[in-house]
Amino acid sequence: MGREVTLFKSEEKKSRTEVGDFLSQLADKVSDGQVVLKQGTEEITLDMPQGMILDIKVEDEEKSRGTQHSLEIE
């Protein structure tokens, strides 16, 4: 099994509209072939290959305040 290294990580609270806008902009950059991610002084540029694997996962997690739904796109 290969070693996995995290090159960039970000977690922010955003509204549904803000998340939709971000995903739309991200989709355009993926289609263009290059994605630049920035947070503070951190920046990483990714050249997108022609073929990729899209992994989508939907989960429900029981919390003390009720069920938390999550959507993960990898």
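In the block above lies the structure referred to throughout.
For the structure given in this document, a descriptive report is provided here.

Analysis parameters
- Residues numbered from 1 in each chain as written.
- Predicted model: local features only at pLDDT ≥ 70, side-chain atom pairs only at ≥ 80, totals over all residues.
- Heavy atoms only, no water.
- Pairing = 2+ DSSP bridges.
- Helix = DSSP H or I, 4+ residues; strand = E, 2+ residues; numbered from the N terminus.
- Salt bridge = Lys/Arg side-chain N within 4 Å of Asp/Glu carboxyl O.
- Buried < 20%, exposed > 50% of the residue type's maximum accessible area, 1.4 Å probe, protein only.
- Expected span 1.5 Å × (residues − 1).
- Polar contact = N/O pair within 3.5 Å; in protein donor to acceptor, adjacent residues only side chain to side chain.

## A few points about the pairing of strand β2 (residues 42-47)
For a regular strand, side-chain orientation follows a simple rule: the groups alternate between the two sheet faces.
And step 1. With six bridges connecting them, strand β1 (residues 34-39) and β2 associate as antiparallel partners. Paired with L37 across the bridge in β2 is I44.
And step 2. Here β1 folds back onto β2 in antiparallel fashion, the turn holding two residues, of which G40 has a positive phi close to 60 degrees.

## Details of the pattern of salt bridges
And step 1. As enumerated under the stated definition, the model contains five salt bridges in all.
And step 2. Between K57 and E59 there is a salt bridge, with its nearest N and O atoms 3.8 Å apart.
And step 3. Judged by its relative accessible area of 38%, K57 falls in the partly exposed class.
And step 4. By relative accessible area, E59 is classed as partly exposed at 32%.
And step 5. Look at the salt bridges and you will find they share partners, linking K57, E59 and E72 into a network.

## Examining helix α1 (residues 16-32)
And step 1. The end-to-end C-alpha distance of α1 is 24 Å, a good match for the 24 Å that 17 residues give at a rise of 1.5 Å each.
And step 2. Once α1 finishes, G33 follows within two positions and takes phi at roughly 105 degrees, a positive value.

## Digging into the environment of S10
And step 1. Inspection of the secondary structure assignment puts S10 in the segment before α1.
And step 2. Residue classification places S10 among the partly exposed positions, given a relative accessible area of 38%.
And step 3. Separated by 44 residues in sequence, S10 and L54 have C-alpha atoms that sit 20 Å apart.
And step 4. A polar atom in the side chain of S10 sits 3.2 Å from the side chain of E12.
And step 5. A polar contact of 3.5 Å, which involves the side chain of S10, links it to the side chain of Q39.

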